[in-house]
Amino acid sequence: MMMESKTALGKMSNESFIVLAMCGVLIVLFMAASMFVPRFFDIHTIANQLAQQAELIILAIGVTFLLISGNFDLSVGGIVGLGAVLSAYFCQSQTGAGMELARGLGMPYGVSIVLTLLCCMGIGAINAFFVTRMRVASIIVTLGTMALARGIALIVTQGSQRNAGLPYVFKKFGEISFVGAINASVVLMVIFVIVALVVEKKTVFGRRTYYIGANPVAAKLSGIKVESHVSILYLMSSFLAGAVGIIMGSIHNAGISSLGEGFEFDALVIALLGGTSIMGGFGSVMCAVVGAFILGIMSTSLNMLGLSPDIQTIVKGAITLIAILSQRFALDRRNA
Amino acid sequence: MAGLVERDLADVFRTPEPQPFTVLKTDLRSRIDMGILGRFNWVTFKNIFVFLVLAMIVIVFSSVSLKFLNQANIINILRMAVPIMLVSCAATLIMISANIDLSVGSIVGLSGVMYCIMLQKGFGFFWSAVLTMGLGVVMGYINGLLVMRLRIVPVIATLVTLYLFRGIAWTLTPRQIGLIKGNLPEGINDFARAPVLFGLPWAFYTAVAVIVVMVVVQRKTILGKYSAAIGGNLVAAELSGINVVGTVWLLYILSGVLSSIGGIARASYLSMGDPMTGNLMELEVILAVLLGGTRFYGGEGSILKTIIGALIIMCVSVGMTVLWIPPYWQSFAKGVVLIGTLAIYTLITEKVEKVTCR
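These figures come from a predicted structure and were not determined experimentally.

Calculation rules
Residues numbered from 1 in each chain as written. Chains lettered and ligands numbered in written order. Predicted model: local features only at pLDDT ≥ 70, side-chain atom pairs only at ≥ 80, totals over all residues. Heavy atoms only, no water. Helix = DSSP H or I, 4+ residues; strand = E, 2+ residues; numbered from the N terminus. Buried < 20%, exposed > 50% of the residue type's maximum accessible area, 1.4 Å probe, protein only. Contact = heavy atoms within 4.5 Å. Areas by Shrake-Rupley, 256 points an atom, 1.4 Å probe, with all protein chains shown as cover. Patch = residues over 30% accessible without salt bridge, like charges linked within 9 Å, V, L, I, M, F, W, Y side chains within 5 Å. Salt bridge = Lys/Arg side-chain N within 4 Å of Asp/Glu carboxyl O. Axes fitted to C-alpha atoms, helices over the stretch in contact; angles between N-to-C directions. Parallel < 35°, antiparallel > 145°, perpendicular 65-115°, else oblique. Left-handed = near helix turned anticlockwise from the far one by under 90°. Nonpolar A, V, L, I, M, F, W, Y, C, P; charged D, E, K, R; others polar. Expected span 1.5 Å × (residues − 1). Buried area = accessible area lost by both parts, 1.4 Å probe. Polar contact = N/O pair within 3.5 Å; in protein donor to acceptor, adjacent residues only side chain to side chain. 1 Å grid on protein atoms, 1.4 Å probe; cavity = no way out; pocket = protein on both sides within 12 Å on 5 of 7 lines; lining within 4 Å. Points joined across faces, edges and corners; volume = space filled by probe spheres on them.

As for the overall build of chain B
Here comes step 1: In terms of regular secondary structure, chain B is built from 14 helices and two strands.
Here comes step 2: For chain B, the proportion of its 358 residues judged to be buried stands at 54%.
Here comes step 3: When contacts within chain B are restricted to residue pairs at least 6 apart in sequence, long-range pairs at least 24 apart make up 78% of them.
Here comes step 4: Summed over its atoms, the accessible surface of chain B is roughly 16300 Å², and 69% of this surface lies on carbon and sulfur atoms.

A look at the side chain of Ser257 of chain A
Residues and elements named next belong to chain A.
Here comes step 1: Within the secondary structure, Ser257 sits in the loop between β2 (255-256) and α11 (263-273).
Here comes step 2: Judged by relative accessible area, which is 4%, Ser257 ranks as buried.
Here comes step 3: Ignoring sequence-local partners within four residues, the contact set of Ser257 consists of Gly81, Val85, Arg150, Ala153, Leu154, Thr157, Gly159 and Ser160.

A short note on a nonpolar patch on the surface
All names here are of chain A.
Here comes step 1: Together, Ile176, Phe178, Val187, Ile191 and Val195 make up an exposed nonpolar region whose accessible area comes to about 420 Å².
Here comes step 2: Following the sequence through the fold, Ile176 ends up in the loop between α6 (172-175) and α7 (184-202).
Here comes step 3: Under the relative-accessibility criterion, Ile176 is labelled partly exposed at 36%.

A closer look at the packing of helix α4 (residues 82-96) of chain B against helix α8 (residues 202-220) of chain B
If you want to describe how two helices pack, look at the angle between their axes and the distance between the axes.
All names here are of chain B.
Here comes step 1: Relative to each other, α4 and α8 sit at 15 degrees, their axes nearing to 8 Å. The angle between α4 and α8 falls in the class roughly parallel. As for the relative orientation of α4 and α8, their crossing is left-handed in sense. Residues Val82, Met85, Leu86, Cys89, Ala90, Leu93 and Ile96 of α4 lie in contact with α8, whose contacting residues are Ala203, Phe204, Ala207, Val210, Ile211, Met214 and Gln218.
Here comes step 2: In terms of residue class, the contact of α4 with α8 is built from 13 nonpolar, one polar and no charged.

What to know about helix α11 (residues 244-270) of chain B
All names here are of chain B.
Here comes step 1: Its 27 residues place the ends of α11 39 Å apart at the C-alpha level, agreeing with the 39 Å of an ideal helix rising 1.5 Å per residue.
Here comes step 2: For α11, the tally of buried residues reaches 21 of 27 residues, placing the bulk of the element in the interior.
Here comes step 3: Once α11 ends, the next one or two residues include Ser271, with phi positive near 50 degrees.

Comments concerning the interface of chain B and chain A
Here comes step 1: Between chain B and chain A, the residue contacts involve 40 residues of the former and 50 residues of the latter.
Here comes step 2: Carbon and sulfur atoms make up 80% of the area that chain B and chain A hide from each other, which totals about 4100 Å².
Here comes step 3: At the junction of chain B with chain A, the criterion picks out zero salt bridges.
Here comes step 4: Between the two partners, chain B and chain A, sit five residue pairs in polar contact (both at pLDDT 80 or more).
Here comes step 5: By residue number, the principal contributor to the side of chain B that touches chain A is helix α7 (residues 154-172) of chain B, which donates ten residues.

Observations regarding the environment of Leu304 of chain B
Here comes step 1: Among the structural elements, Leu304 of chain B can be located in helix α13 (residues 303-322).
Here comes step 2: With 89 residues separating them along the chain, Leu304 of chain B and Val215 of chain B place their C-alpha atoms 6.7 Å apart.

Quick word on empty space enclosed by the protein
Residues and elements named next belong to chain B.
Here comes step 1: Inspection of the entire model under this criterion finds seven cavities of 30 Å³ or more.
Here comes step 2: Approximately 80 Å³ is the volume found for the largest cavity.
Here comes step 3: Surrounding the largest cavity, Leu287, Ile312, Ile313, Val316, Ser317, Gln330, Ala333, Lys334 and Val337 form its lining.
Here comes step 4: Looking at the lining of the largest cavity, the elements with two or more residues in it are α13 and α14 (330-356).
Here comes step 5: Grouping the amino acids of the lining of the largest cavity by side-chain chemistry returns six nonpolar, two polar and one charged.

Quick look at the pattern of salt bridges
Residues and elements named next belong to chain A.
Here comes step 1: This model, assessed by the stated rule, comprises six salt bridges over all chains.
Here comes step 2: In this structure, the salt-bridge partner of Glu261 is Arg150, at a minimum N-O distance of 3.9 Å. Of this pair, Glu261 sits in the loop between β2 and α11 while Arg150 sits in helix α5 (residues 138-156); the two residues are 111 residues apart in sequence, bridging distant segments of the chain.
Here comes step 3: Residue Arg150 is classed as buried on the basis of its relative accessible area, which comes to 10%.
Here comes step 4: Its salt-bridge partner being Glu200, residue Lys201 comes within 3.0 Å of it at the nearest N-O pair.

So, the environment of Leu117 of chain A
Residues and elements named next belong to chain A.
Here comes step 1: Along the chain, Leu117 turns up in helix α4 (residues 109-133).
Here comes step 2: A residue is classified by how much of its surface remains accessible, and Leu117, at 15% relative accessible area, is buried.
Here comes step 3: For the pair Leu117 and Gly159, spaced 42 residues apart in the sequence, the C-alpha separation amounts to 22 Å.
Here comes step 4: The contacts of Leu117, once residues within four sequence positions are left out, are Phe239, Gly242, Ala243 and Ile246.

As C-alpha cells, then:
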C-alpha cells in the first residue's frame, strides 16, 4: 500500500509527483502526436478530444472517489445505458403510433429526469447495501448490478432503442454547442471536475475518503462512519452515471440500451492511468482527467494513422499495464 | 470497553478471521428441532443448498413447459454446458486461493478463433487442438506473471488481460465478416455435436473426465490443500513453506488450459470462430462458483458444487429459451440470480458462523 506523503520541506507529495509526471507524459504525447500525425494539431481535433472525453470524465469522478476509498464500481456502464433508456421511456408520449416501443409514460421532461436519477441511485443503493451491510466484495456486487442495470435497459427497449415520440426538449441539451464541438457536456464536465476537486482537497468529506482507503480499520476506530460514507460514495457514483446516461440519450436523441458499453472499464483505465491506486487511499480526480486525455490522444492518433479500432483495445490494455507498473516503479525509486 | 473495541475491530475487517479449511459437518449445538421435518441444521442446509436450487429450477421449468424435461433438451443443455463446466472447475480453485480470473471468457473467445484459423490453415484437428491448448498455457502464464510476479491486484490484472485477449481475437478476425468461417474441414462439428454415448458428444465426456480429475485434485492432492491454505491465510501458508507464487501461478495456467479446451468445444459446437464467444462469461463463471458455495474471500469451496451451479445457469438460460422468454431478459436474469445468490449465501453464512463459532 502506498504511503501518504512525507511532506518534508521542499519535497512535494507523492500524489502531486505522479500527477505532474503524468502531465509530462501527456504533454510529450501531445507534442509527438502534433508532430507525427498529420492534421492532429488543429482546433477541431482538440475540441473533438474534449467533447469525446467529457462524459467519460464525469463518470470517472465517481469511480475515482470509490477507488480512493478502496472500492470498485463496475456498474457505471450499465447505469449509463439505464439512464438513457429510462429518461426516454418516461417522457415518450403515451399515444405514440405504431409499435409498442413508440409509447412511453408521457411525463414532462423534468419529472422524467428526476425519476431516472432516482432509479439509477436505486442501483447505487443496491451496491451500497451489499458492500457495506452484507460485506460482499465490491467487484462481485457491482458486476451483478452491471448486468442488472443493463438488463433493465434491454427489457425496457426490448433489446434495441426508443427513439420515437420523444418531446422536443429531449434533444435540446445535446444540441447546445459553443465553439466547434465544445458542447454543454464539456461545460458540465468542467463544473463537476472543479466541484470534485474542491470536495476532495478542501472538505472533511474528501479527507475522510482518503483515510478510509488508506486504512479502514483506523478510520473506523477514529470515529468515521465508514459504512455510511461508502454508501454515499456509491450513491454519488450512480447519480453521476445516471446523469451521463441522460446526457448521452439527449445527444443521440434516443434511449439506446447499448449506450455506455465498456465504460466501466474505460473509467477504471483512465483513473489508473492518471495514477490513482487500486489499493485505495491514493489518487485524485485530476488523475482521471489527465488519464482521459492520454487515452484520448493515443486512440485519436492511432485512428488518424489508420489503425483498426480492434487494435485499440489491445493498446488500451497494454498502456494500462505499463502505466500501473511504471508508476509503482517511479514511486518505489522516489521513496527508497 | 475492551469488548466494544474488539467487536468494532471485527466489524471493520472485511474478511472474517480465517476459518478452518473445512466447515464442521455436524455440530450438535446447531440442530433445531423442526417436528415432522426432522432436525434442521444450517450447516447441512448450506451444504445441500445448491442441489435444492437445481431441483427447484428443474421442477419449476418442467411443470411450466413440457418441452423442458425431454431427452433432446437435456442433451442440449449438457452439450452447451461444456465450456462453462470446464472453465468453472479451474475458477473454483482460483477463487478458493482468494484470487480471481476475469479473463476466462476472452480466453474462450481467442482460443476458438485460433482453433478455427489453424484448421483453415490445414493443421489438422489434433495439432490445432494441441497448439490451442498451448496458447491457453501461454495466456494463463501471462495472467500468473502479472498477478504473482509483477504483483498487480488480480482483479485489475485479469480485467486488463480480458480486454487484451478479446482485442487480439477481434484483430485476428477479418473485419467485414467478423467471424472465422468457411473453408473449415469436414467434421469440425464431431467433437461437440456428434453423439457418442447416450446421445452426448465427445466434448461432454472430456468435460466429465476433467471434472473427475479436478475433484480428485482438489480432495486428494496437495494442490487442492495448498490452494485452500493460501486462501485461508496467505501469511500462514507462506510461513509454513508453501510455494505460494508457484501454486497460484499453476492455478492460473490450469485456468488458461481449461478455458482454451472450452473454446475449442464452443468453436466446434458453432462450427466457426466467433471472437465474441465467452463475452460476459466471467459473470456466469463467478455466478456458478458462488452458487456452489465457494467463499469469495477464499479458503473453502467445492468443485462438484460449482458444476451443479454451472448446470443451474445453463438450465435457466436454456429454460428461458424453451419458454419463449425473449433473449433480452437474459442479462437481467443473470444479474438478479447473482445478487440473490449473494444475499442468500451471506445470510446462511451468518447463521452458520453464529452456530459454529460460538
